[in-house]
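Structural overview
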Amino acid sequence: MANGRTVIIGLDGVPFGMIKEFGENGVMPNTGELIKKSVFKKMNSSIPEVSSVAWSSMITGSNPARHGVYGFMDLQPESYKMTFPNFNSLKVPPFWEKWEGKSVIINVPSTYPVKQMNGAIISGFVSIEFEKSVYPQSLIPQLRDLDYRLDVDAGKAHSDIEGFLVDLDKTLEARIESYRFLWETQDWQNFMLVFTATDRLMHFLWDAYEQKDHKYHQFFLDHFSKIDKAIGEIADKLTDDDLLIMHSDHGFEKLDYDVFLNYLLMEEGLLQFEPGADASIANISSGTKAFVMDPARIYLNYKGKYPCGSVEPGQREELLSKLENIFSSLELNGKKVIRDVYRKEQIFAGPYLDDAPDLTLVGGEGFNLKANVKMQKLFDKGVFTGKHTQDTAFLLVKGLSDDSIVPEVPAVWDITGIVERSKS
Amino acid sequence: MASNLSQLDKLENQSIFIIREAYSQFKNVAILWSIGKDSTTLLWLVRKAFFGKLPFPALHIDTTHKFQEIYDFRAKYAKEWGLNLIVTKNEEALAKGVGPDKGKFQCCNELKTVALKKAIAEQGFKALYLGIRRDEHGIRAKERVFSPRDEDFEWDYKNQPPELWDQYKTKATEEEHLRVHPLLGWTEIDIWEYIKRENIPVCDLYYAKNGKRFRSIGCETCCGPVDSEADSIDKIIEELKTTKISERSGRAQDKEDDYMMQKLRSLGYM
């Protein structure tokens, strides 16, 4: 075991129930075989359950108060101006900077811009310039020859779904070609490959998964079958000494309603904007007590912390209780809209706890919590048919000599620890 | 100093050769003049190459968001140098209200890229002279002196011809337009040293005022000045020899952020 290689396959957003079903019904036969021979469990995502936080937690083996990434966007210090945390924001090194040997890392979200490392890396969502997404740069011409695509253009899904689906498959094919190329040409000890089109597909076409007569039902299944073929190919290349991990970063489920939390705060008089200004976090006025950042991070508008801050430390407890009441009592058609309301100390621990949201919410089944301040209603149903879930990611581990090192209910930041313990 | 002058002479000779070569091949050409220091230097070289008179149009893509100093400079020198100036705007997008406040990525794309595309289609230009330099920006380091763009305006990395400069071969297929980059081998310091030597006029925005100056100019809404006391060409050259800040630092981050926002929005965030 100690000399074996480690291979990690990530399937962005794929829920435990779906991978189990596809393993059993023949959509993903190779995965089905692997499940039989592995530790296979439901896994918790990070909170919030978005890719940037979940993958940052996975690769660092730590929670946001240690690695510092709480979402796709944050506010610049002492301002209401957005900033976008990226790989440079990560306060804990990823596993490839700690583990022995060379690593090949392909398409892990939130690894842009790439840094020099012992091995090769192609960053994933949100990558902008190709030149800053690949290390070493000498790989760029070959990746271009393989028509490597960093990501699908999800914007296209809103106007041209057919074109979007074609892109989705092309991106997958090029990703598979590129993994083969790097697998064969690089000298490596650790290999990680993430498929991300799954997440896009489930956002836009969860209905196609559920409805057998849906125009794109077969496309949906075929896409997963193509991934399964690559999984089978990789599994065949492994020996008994190698460790294989397969996992998702969060789960997915049907989206019934988008819930616009900032609208709720506006209605309650807790969020106000400068007179005459657009509804925007940038235009928050001093009447504001709290505001929400995507997906469901609640920040108190503290005096001294923000330019128009008005909340005194003494008001904290009263305000948090008030907000907890508002959020926990929210119902629609008899269903609880918000599953849980967490204070920062409950779910985060580490040196960057101060940067954590004061409250973080997890939505109830079917409720997609959002922070868009422009929406003039609390509930809506938009273009998306699927939403992330926090408690239905999956983890599969094959090649352990002692299965008990996998926690009963693992979380996404436990994965690197499982690998490290299996080698010790 | 003598060796430096000969370096500038060498760059000047190469650029003039490329400029003449492309013109003799394509005839129906234009120079893209952003009014910045590089394209103004290029314009200077083109005038030299053709003995003071531009035999083709200077094309300015007007986003309508440029600094007033840029418009003033354009008017003054278009007249003084007798330029055949074509000013083009994406009127359609402007009428629809496209602007930096609605999204900088879309703004840049519509008001610059699409506007240029329209101008090329309308005028039927076969080649365009651009004042880009290899040291300017990561992606530009990959450009060649002759760089073909296909019908869709995409830069085809894979079909990029080998360095044509060495081959003296400048044929392009019918459906493409060729981008000619006579300044590709120049550095920012070369440009300033040449501006000094030739006494080329440049926009006042480049010189420090109240502790700030612009190293790269374009739209008022998206360019930020850098901290600087360099209020003369000599001081600018001195500053460039010691600075570690990138030339486009006033512009790059905003655009990346905006692209990021666009990507996140398409997935339902923000």
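Residues numbered from 1 in each chain as written. Chains lettered and ligands numbered in written order. Predicted model: local features only at pLDDT ≥ 70, side-chain atom pairs only at ≥ 80, totals over all residues. Heavy atoms only, no water.

In this section: the overall build of chain B. From N to C terminus, chain B includes nine helices and eight strands. Residues counted as buried form 53% of the 270 residues belonging to chain B. Long-range contacts, defined as pairs at least 24 residues apart, comprise 73% of the intrachain contacts of chain B with a sequence gap of at least 6. Carbon and sulfur atoms form 49% of the exposed surface of chain B, whose accessible area is close to 12,800 Å². (Helix = DSSP H or I, 4+ residues; strand = E, 2+ residues; numbered from the N terminus. Buried < 20%, exposed > 50% of the residue type's maximum accessible area, 1.4 Å probe, protein only. Contact = heavy atoms within 4.5 Å. Areas by Shrake-Rupley, 256 points an atom, 1.4 Å probe, with all protein chains shown as cover.)

All names here are of chain A. Under the defined criterion, the tally for this structure stands at eight cavities of 30 Å³ or more. Empty space within the largest cavity amounts to approximately 220 Å³. Sort the elements by how many residues they give to the lining of the largest cavity and strand E18 (residues 367–370) lands first, with four residues. Its residues assigned to classes, the lining of the largest cavity comprises 10 nonpolar, five polar and three charged. Here the lining of the largest cavity spans two domains, and each of domain 1 (6–255 + 386–423) and domain 2 (257–380) adds at least three residues to it. (1 Å grid on protein atoms, 1.4 Å probe; cavity = no way out; pocket = protein on both sides within 12 Å on 5 of 7 lines; lining within 4 Å. Points joined across faces, edges and corners; volume = space filled by probe spheres on them. Nonpolar A, V, L, I, M, F, W, Y, C, P; charged D, E, K, R; others polar. Domains from an automatic or database assignment.)

Before going further, it helps to spend a moment on the sheet that holds strand E1 (residues 6–11) of chain A. Residues and elements named next belong to chain A. Pairing within the open sheet is mixed, and its eight strands lie in the order E2-E21-E9-E1-E8-E5-E6-E7. Single-partner strands in this sheet number two, and they are strand E2 (39–43) and strand E7 (134–135). As defined by bridge partners, strand E9 (residues 243–247) adjoins strand E21 (residues 393–398) across four bridges and the pair is classed as antiparallel. Counterpart to Ile245 in the pairing with E21 is Val397. Against the sheet, helix H12 (residues 415–423) makes contact with E1, E2, E9 and E21, and its axis sits at roughly 170 degrees relative to E9, the strand it touches most. (Pairing = 2+ DSSP bridges. Axes fitted to C-alpha atoms, helices over the stretch in contact; angles between N-to-C directions.)

All names here are of chain A. Note that strand E11 (residues 257–260) and E18 share four bridges and pair parallel. In the strand pairing of E18, Tyr257 is matched with Phe367. Examined bridge by bridge, E11 and strand E19 (residues 379–380) share two bridges and lie antiparallel to one another. Bridged to Asp258 within E19 is Asp380.

With that settled, consider the pairing of E9 of chain A. Residues and elements named next belong to chain A. With five of five residues buried, E9 lies mostly within the body of the structure. Residues of E9 alternate between two faces, with Leu243, Ile245 and His247 on one and Leu244 and Met246 on the opposite face, all of them buried. In this sheet, E9 lies alongside E1 in parallel orientation, the contact comprising five bridges. Across the sheet, the residue bridging to Val7 is Leu244, located in E9.

Below, the discussion takes up the sheet that holds strand E12 (residues 290–293) of chain A. Residues and elements named next belong to chain A. Spatial ordering of the open sheet is given by E12-E13-E17-E16, a layout of four strands whose pairing is antiparallel. Strands at the two margins of the open sheet, each flanked by one partner only, are E12 and strand E16 (338–343). Across this sheet, the average inter-strand angle for adjacent strands is 25 degrees, counted without regard to direction. The pairing of E16 with strand E17 (residues 359–363) spans five bridges and is classified as antiparallel. Note that in E17 the partner of Ile338 across the bridge is Gly363. The strands touched by helix H10 (residues 316–328) are E12, strand E13 (297–300), E16 and E17; relative to E16, the strand with the most contacts, the crossing angle is about 170 degrees.

With that settled, consider the pattern of salt bridges. All names here are of chain A. Counted under the stated rule, the structure contains 39 salt bridges over all chains. With its nearest N and O atoms 3.4 Å apart, the salt bridge here joins Lys215 to Glu162. Residue Lys215 is located in the loop between helix H7 (197–210) and helix H8 (217–237), and its partner Glu162 is located in helix H6 (residues 161–185); the two are separated by 53 residues in the primary sequence. On the basis of relative accessibility, which here comes to 42%, the residue Glu162 falls in the partly exposed class. A salt bridge links Asp340 to Arg339; its shortest N-O distance comes to 2.7 Å. Judged by relative accessible area, Arg339 falls into the partly exposed class, the value being 29%. (Salt bridge = Lys/Arg side-chain N within 4 Å of Asp/Glu carboxyl O.)

For the rest of this paragraph, the subject is the packing of helix H2 (residues 29–36) of chain A against H8 of chain A. Residue and element names in this part refer to chain A. Running from amino to carboxyl end, H2 crosses H8 at an angle of 50 degrees, the nearest separation of the two axes being 7 Å. Put simply, H2 runs oblique to H8. Of the residues in H8, those touching H2 at Pro29, Asn30, Thr31 and Leu34 are Asp228, Lys229, Ile231, Gly232 and Ala235. Grouping the constituent residues of the contact of H2 with H8 by class yields four nonpolar, three polar and two charged. (Parallel < 35°, antiparallel > 145°, perpendicular 65-115°, else oblique.)

What follows covers the packing of aromatic side chains. Residues and elements named next belong to chain A. This model, assessed by the stated rule, comprises 39 aromatic pairs over all chains. Ring centres 5.3 Å apart and planes at 65 degrees place the aromatic pair Phe22 and Phe224 in the edge-to-face group. Of this pair, Phe22 sits in helix H1 (residues 16–25) while Phe224 sits in helix H8, placing them 202 residues apart in sequence. A relative accessible area of 0% means that Phe22 is categorised as buried. Geometrically, the ring pair formed by Phe367 and Phe379 is tilted, given 6.3 Å between the ring centres and 55 degrees between the ring planes. Taken together, the residues Phe367 in strand E18 and Phe379 in strand E19 connect sequence positions 12 residues apart. Grouped by ring-pair contacts, the aromatic residues Phe22, Trp206, Tyr209, Phe220, Phe224 and Phe252 constitute a single cluster. (Phe/Tyr/Trp six-rings, centres within 6.5 Å; stacked < 30°, edge-to-face > 60°.)

Turning next to the domain arrangement of chain A. How big an interface is tends to be stated in terms of accessible area lost as the parts join. All names here are of chain A. Structurally, chain A comprises domain 1 (6–255 + 386–423) and domain 2 (257–380). Spacing between the C-alpha centres of domain 1 and domain 2 amounts to 30 Å. With 24 residues of domain 1 at the contact, the number on the domain 2 side is 37 residues. Interface area for domain 1 against domain 2, summed over the two sides, is near 2,400 Å², with a carbon-plus-sulfur share of 65%. Looking at the side of domain 1 facing domain 2, the largest losses of area belong to Ile47, Tyr70 and Tyr80, adding up to 33% of the total buried there. One can count two salt bridges joining domain 1 with domain 2. Among the salt bridges present, the one from Asp74 reaches Arg297, with a minimum N-O distance of 3.7 Å. For the pair domain 1 and domain 2, the number of links is 10 residue pairs in polar contact (both at pLDDT 80 or more). Among the elements that line the side of domain 1 that touches domain 2, the one with the most residues is helix H4 (residues 64–67), at three residues. (Buried area = accessible area lost by both parts, 1.4 Å probe. Polar contact = N/O pair within 3.5 Å; in protein donor to acceptor, adjacent residues only side chain to side chain.)

Now for H1 of chain A. Where H1 of chain A is concerned, the buried positions are Phe16, Met18, Ile19, Phe22 and Gly23 of chain A. Once H1 of chain A ends, the next one or two residues include Gly26 of chain A, with phi positive near 90 degrees.

All right, on to H7 of chain A then. By the largest-angle criterion, Phe204 of chain A marks the main kink of H7 of chain A, which is about 80 degrees. Listed in full, the buried residues belonging to H7 of chain A are Ala197, Thr198, Asp199, Arg200, Leu201, Met202, His203, Phe204, Leu205, Trp206, Ala208 and Tyr209 of chain A. (Bend = angle between axes of the 7 residues up to and from the residue.)

Right, let's get into the interface of chain B and chain A. Contact with chain B, which involves 17 residues of that partner, is made by 28 residues of chain A. The tally of links from chain B across to chain A stands at one salt bridge. Salt-bridge contacts for Asp151 of chain A lead to Lys263 of chain B; the nearest nitrogen and oxygen are separated by 3.2 Å. Where chain B touches chain A, the interface holds two residue pairs in polar contact (both at pLDDT 80 or more). Of the residues assigned to the side of chain B that touches chain A, the class counts are nine nonpolar, three polar and five charged.

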